[in-house]
Amino acid sequence: MSKNLINNYRLGSYLLIALGLINLRYQSGNDNVLGKSLIIIVPGVLLLCATWISSLSNALNLRSTKALALGLGLALVAFAIFN
């Protein structure tokens, strides 16, 4: 597996975690902010964990997994921004 591809997954994971934590902080007065922030944080944590497990990191190299991760990542970033 390409080390560059794993680094891209990890950077995307860190982005989701950071956006979720920023969302949690800046919307602290709103209702259900924890639930909305966890929608962003949990996939980031799961993806980050998947990059460290060798059997899952091999699955991340599949073309369908790349497309799914990109689509889900972009949707979560949009959710974080427009939330």
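Everything numeric here is computed off the predicted structure, so don't read it as measured data.

Here is what the cut-offs are and how they apply
- Residues numbered from 1 in each chain as written.
- Predicted model: local features only at pLDDT ≥ 70, side-chain atom pairs only at ≥ 80, totals over all residues.
- Heavy atoms only, no water.
- Phe/Tyr/Trp six-rings, centres within 6.5 Å; stacked < 30°, edge-to-face > 60°.
- Lys NZ or Arg CZ within 6 Å of the ring centre and 35° of its normal.
- Axes fitted to C-alpha atoms, helices over the stretch in contact; angles between N-to-C directions.
- Helix = DSSP H or I, 4+ residues; strand = E, 2+ residues; numbered from the N terminus.
- Parallel < 35°, antiparallel > 145°, perpendicular 65-115°, else oblique.
- Left-handed = near helix turned anticlockwise from the far one by under 90°.
- Contact = heavy atoms within 4.5 Å.
- Nonpolar A, V, L, I, M, F, W, Y, C, P; charged D, E, K, R; others polar.

1. Some words on the packing of aromatic side chains
The full count for this structure, using the stated rule, is 0 aromatic pairs. A cation over a ring is seen here: Arg 10 above Trp 52, with NZ or CZ 3.6 Å from the ring centre.

2. Side note on the packing of helix H1 (residues 3-26) against helix H4 (residues 63-82)
Relative orientation of the contacting elements H1 and H4 amounts to 20 degrees, with a least axis distance of 10 Å. What the angle tells us is that H1 and H4 run roughly parallel. Of the two possible hands of crossing, H1 and H4 adopt the one that is left-handed. Contact residues: H1 offers Leu 5, Tyr 9, Leu 15, Leu 16 and Leu 19, while H4 offers Thr 65, Lys 66, Ala 69, Gly 73, Leu 76, Val 77 and Ala 80. Each residue belonging to the contact of H1 with H4 can be placed in one class, and the counts come to 9 nonpolar, 2 polar and 1 charged.

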